[in-house]
Structures are given as structure tokens and as C-alpha cells.
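Chain by chain, the residues run as shown.
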Amino acid sequence: MAKTKGRVTLPSESNFLNETKEMLDRWGADALRDSDGTKLDDDIKALDAKIYTTYFVARGHNEFAEKHMEECQQLYLMSKHNTAVDSELSISFMDGYYQEQVVPDYLHDPKKWWEVMDRTAGEIVPADAWELDTEKHQVVVKNASPFHDYTVSFLVYAVWDPTQMYNHITNNWGDKPHEIPFDVRQAASGEFAREYLIQWLKDNPSTDIVRFTTFFYHFTLVFNSKAKEKFVDWFGYGATVSVKALEEFEKEYGYALRPEDIVDNGYYNSTFRVPTKAYLDYMDFIQRFVAKKAKELVEIVHDAGREAMMFLGDNWIGTEPYGKYFGEIGLDAVVGSVGGGVSLRLISEIPHVKYTEGRFLPYFFPDTFYEGNDPVPEAMKNWVTARRAIMRKPVDRIGYGGYLSLAYKFPKFVDYIESVTDEFRLIYDNIKGIKPYNGLKVAVLNSWGSLRSWQAYMVAHELWYKQCYSYMGVMEALSGAAIDVSFLSFREVKEKGIPEDVDVIINAGDAMTAFSGGEEWADPSVVSKIRSWIYNGGGFLGVGEPSAYHTGGRFFQLADVLGVDKELGFTLSTDKYFTQVKEGHFIAEDRTTPYDFGEGMKNVYALGEDTEIVEFSNGEVHIASHSYGKGCGVYIAGLPYSFENTRLLLRALYYAAGKKENLKRWFAQNINCEVHAYPEAGKYAILNNTSEPQKTVVYDGEGRTQEYEMNPGEIIWKEI
């Protein structure tokens, strides 16, 4: 039996009444929800719980969409690269795309709205130099340059919603209709979205909370010819495109977007790309439209006496919860999927809503809940990882999604989640609304800044990627550390400088990405402002290829700050004598296991004898520090998430800030444990972040010590 009740949302489904009652009691849930593919029957809706109902604005209404196929959502896609071997080249531009998801747009003049590119020359092929065969879905290039590469950028209609398609395939929905997404920018679709919601609210009087999943435009998700994901960008604006949008953009901004502004050499303006001015303009254009239209729907919900909740996923593009226009929508709540501490903080810190909710993992789907599998380890990892971040800034509610009937078949899982829900409520009751102790303030510097707080390095909502995990570890470590974290863009630095209360700037990422900065570092005013700030006492922590942009004889533009640079082969004739490790360095204390730099970084070397090398192996520097005026720079080659690397990052930040003496305040000596203090409430908590017993010395706010023995996963609450 749950000792407490509330703040938990339980998924349910038809014909599962008695079991739902039992689970409401055991998990202390006070809300019930449906999921994609499930419905709640009247008996379940009559239970003592708030009812969430999933609502799709722009999909799931095929009776309308089939009559207005010209108002389907659109995308710009790019064909494969095709090499001409003579003066004529035929390009099958749909090759590799799933034709049950997308079909070419032949309604709007391809000669005006499409673009054929000579990628080798970097030139547009004139419209009169190519022909279109609509029967074969081919473009024929005349007078092609032999052995040049060519592509076609073309408009398509999306005729199957990608999330429904994914669920359809994953859950074997057979002949269930393919849901057609339509574009509310179009006249009939916009009117339908409004009128349907008004009637739907009348038809669903038992719904307390309308869970918009989400509003209008899906993140970019395109499938290949084998019905597998071909391109996925959780931040992608690709599905917001339409001829109408392009025409309205040109009228408002005074210039026309090219197809290339959207397809971007086939990178589709991935969040890893340094954004162009045209793309930033287009994002702003879409965000204003989405905010205005979403506000209309939210007001309809409020007029009906219901709450409006947005799911941070699926059709969330244009909402940008940390953007300029999000507050205008007037939402009551946001719910999002929690992959770990980073996504927990992404959700919990969203402004302009009354409450936030995290959907924890695993999802109750058959790819996890099948005979012979144990879902508890995944749930335990998900909870303990997110719990660190909850201690810094909790979501207001937690919940799960999927088929409750599947989860119910796993008693150990049900028992474990019962303990999780109780623990969450205890944490929430102790710390909600109370500012935790923070020893430092850091600013994560990248091209996106505060617009995409806690969203760096994500490809598909915090999934593991070989190229990202060495940097995601920085964010995951920060998500549960006693550090005040902010996000800063290069544009903000240029226009406003660096906030006075920042102790350390973090710049981490691969060269030429939006997260390291690429050409942003070619701006002298940005570089000089950051150098000046560090010289006058600031700290700078670089991970991977920080400030990387090859110009002026340097690759790291802040090599003078960091005391290291990366060998590109151009200075092999210059001897590099500085390889001596400084023993007993502050940053390296507590290290008991071999260093883990993830993918690491090759060929980084020290510039001079004043560079303090902390780790040197394989003929290269992986950790170093360097004084710079009154400030300091620290370099780390990579930082996958682990307890050891969380401690390494913490020490590096305090060292860079020049505040070594403050490290051991509200501090656990054992790296497997952490301390979170809440001076305003007169409380602190000691966490065992492992599934094993731990022993640790704990330092309080004055540096006094006491030893504790802790059970697996335990939280010990103490009064200050």
C-alpha cells in the first residue's frame, strides 16, 4: 500500500477496470491517461482520478484529411547524390524514401519551388536545364557536367504521421488506418482544427486535462524505403514547410527562402549545424505562428473549464519552451519523456506553466514487456539517474505511458514503481519551491544558448550516439550537481557580454558544430570579449574541440587561455617538448580508476611549460589547466557520464573558478554519493546513487564532517 497519494499519472486502457483500481491504490496515482493506441472506457473515467485525454490537433482526422489532401503537411527533401557520367543525367529523386509516408508535390510548379543543384560546383542548375517526369518520379538534367555530383531538392506531401507510423509498425497495428497529417496554416485545416476541438470538448465531458500531442508540426522524421528511420532530428523544422508558408515568409521578411535554406546540403539544419541567419529567421517566423494558433486552441479549452497540457514531443516544433513566444500560448502544463537527468531538467525548468510532468521509462510496450525480460533494471537506471536532477529542480508530477495490461504482468516491476512513487512524493514535499545550495554558476556556451536550455548534443531526445556521449556526459553530470547552470549563445555574448555572476564558461563539442561554435569563433568581438572576461578572473572549461576554428595560425581560438592546441599536421615541424604531468593536481584528486575520455580527442599538445598537464598518454594531452591573467582555462578531452567523471568535472570547475577551497561544502567524499542542501528549509539530503551499500564522509556547509553508512539507493534526510 502506498503511504502517500498524488502527483502520479497512470496509463490505463479499456476493459481493465479492477486492475486499474488496484494500481491507482498501489502507486498512489491521482490521474489516469490514455496512450497512443489505447482508449479509456466510461467505467475507468468514472474512477476517483483526473482524466487526461490525448488530443491530436493535426492528425487522426482522416475523414477530413482525405477530402483536403492538398492541405497535407509538406517537407523539402533532397535526393541522393547522383554523379553524371555524360551530358545527360536522370535522377530518381524518390529513391530511398518510403512512399507510404511521403509523395511528391506536383500541384505546385516544380520549376518554381524545386531546386536542382550541381553539388560539385556549388551552383543552381537553371530551371530550363532540367525536365521532370512525373510518371517515373525522375528529374532529367540536360547538359550536365560529366563527373559532377547533382541533387534534387523537392517538395513532398506527408501522407502518414511519422509517430503513428512508428507505433503502427512497433505494435503491429495491421490494417489500422494510416493517420494523415494536415497543415493548420491552410484555410480549411485551420478552421477544422478550431471547430473540431469545440465539438470534441462537448463530446468528452469527463476529460479534465486535454493533453495536446502536441500542436501542429512534427519534428523532422523521415523513413527510408524499408520503413526504417532515415532522418530524425528532434529539433527539426522540416515538416513546417509549405508553399503558403514560404510565400508568407517572403512577404513579411522581404526575401525569399531557397529550398537550400531548408535542405542545407542534406543536413536539414540539424541542431548540430551552426544556424544561418535565414534559418533563424524562419524558426522565428514559425514560432510566432505556432504560438498564435496554439493560444487560440488553449483558450477554447479554458473556456470549456478544462486544463491544457502540451506533450514535449511528436508535434512540438515551433513551441520552443524556452523561446520568446512560449509564454503567449497560455498552457497549464507540459509533460515530457524523461531519459535521464538532462531531459528531467529540460522539463522541470520550463517557464510560464503551472506545473510540469515527467513521463518515466520504460514505456509499457511489447519491445520491453515481453516474456523472459526484466524491465526493472531499466526502470531503476532511469529513476536513479533522473533523481539527481529532481533534487536540483523537481518536476511537479511523474507518470508512465503505454499498455498498463503489459506492465501488470510483471509483479516485481509493479513493486519497484510503488517505491519510486512514494520516494518522489517525499522528495517533492521536502524541496518544492526551495532553492538548493549552489557552489558555482556556470554558463554553457553554444550557438543556441538559452533558446535550447538543456538540449545540447541531442539527436533524438537523449538517445546514445557515439559522437555525442563524450559531451552529453557534461550535461548529465551538471543536471544533478550543486551548480547553478545557465545557457549562453555567441550572439548574446556579442550583444550583451557575459553575465557578471557567471564563474565558469563551458564550451564543449566537436569542431564546426553548433555546440563548439565553428565559425562563431571567427568573430573578433566574441573572442576578445571572452578572453577579456577570463583574463579578469573568469574560468573557462573546454571539452573536446572547444573554440575550434582554424584561422590565424591556431585551431583552438582560445589556445592561449587553455594552454593547449590541436595538431592538424601543419606544425609537425615544430617540436613539442612539454609532456611532464604535474603530480597531485587538484583536478585529479579522488581518481581511483583509469580515466575515461569516451571517444577522446587525438593530437592535443601543450603550448608551453606554464601549461599544467594533468593527464598525458599516447603522446597527447587529455587534461590540462593554464593560468590566464587572473583567470584560468581547463581542457578535458571528453567526459562520458559516470560518477568518476562527475567528480572530475566538479573539481575542474572549482579549479577554473579559482574557488578550490569551497569544494568541500555540502559534499560527499565517496563519489557514489551526493549531498543536496536546502538552507532556506534547514534540510539536506545524502544520496546513495548506486544499488550497492555505500559508506561516505559528508561535509556540511561549514566543512564539518560526519560518516554515514547507506543502504542501496537510499536517501538520508537531515536537518541543518
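Our structure is the block above this text.
Residues numbered from 1 in each chain as written. Predicted model: local features only at pLDDT ≥ 70, side-chain atom pairs only at ≥ 80, totals over all residues. Heavy atoms only, no water.

Caption draft 1: Fine view of the nonpolar core. Counting residues in hydrophobic clusters, the biggest one holds 244 residues, and the most contacted among them are F212, F215, F413, L478, I530 and L541. Ranked by the residues each element gives to this core, the list is headed by helix α9 (residues 277–303), at 14 residues. Within the second largest apolar cluster, eight residues are counted, among which are A31, I209, M309 and F311. (Core = buried A, V, L, I, M, F, W, Y, C linked by side-chain atoms within 4.5 Å. Buried < 20%, exposed > 50% of the residue type's maximum accessible area, 1.4 Å probe, protein only. Helix = DSSP H or I, 4+ residues; strand = E, 2+ residues; numbered from the N terminus.)

Caption draft 2: Quick look at unusual backbone geometry. Note the cis peptide between T213 and T214, where omega equals -20°. Looking at the element boundaries, T214 is found in the loop between β13 (209–212) and β14 (220–223). The omega torsion across L361 and P362 is 5°, close enough to zero to call that bond cis. Structurally, P362 can be placed in the loop between β18 (355–359) and α11 (376–390). For Y457, which is not glycine, the phi dihedral falls at a positive 70°. By secondary structure assignment, the location of Y457 is in the loop between β20 (440–446) and α14 (469–479). Assessed through its relative accessible area of 4%, Y457 is described here as buried. Phi at M512 is positive, roughly 75°, even though this residue is not glycine. Secondary-structure assignment places M512 in the loop between β22 (504–509) and α16 (524–535).

Caption draft 3: Spotlight on the packing of helix α10 (residues 341–348) against α11. Interaxial distance between α10 and α11 falls to 8 Å at its minimum, and their mutual angle equals 45°. Considered as vectors, α10 and α11 are oriented oblique to each other. For the pair α10 and α11, the sense of crossing is right-handed. Between α10 and α11, the contacting residues are G341, L344 and R345 on the first element and T385, A386, A389 and I390 on the second. (Axes fitted to C-alpha atoms, helices over the stretch in contact; angles between N-to-C directions. Parallel < 35°, antiparallel > 145°, perpendicular 65-115°, else oblique. Left-handed = near helix turned anticlockwise from the far one by under 90°. Contact = heavy atoms within 4.5 Å.)

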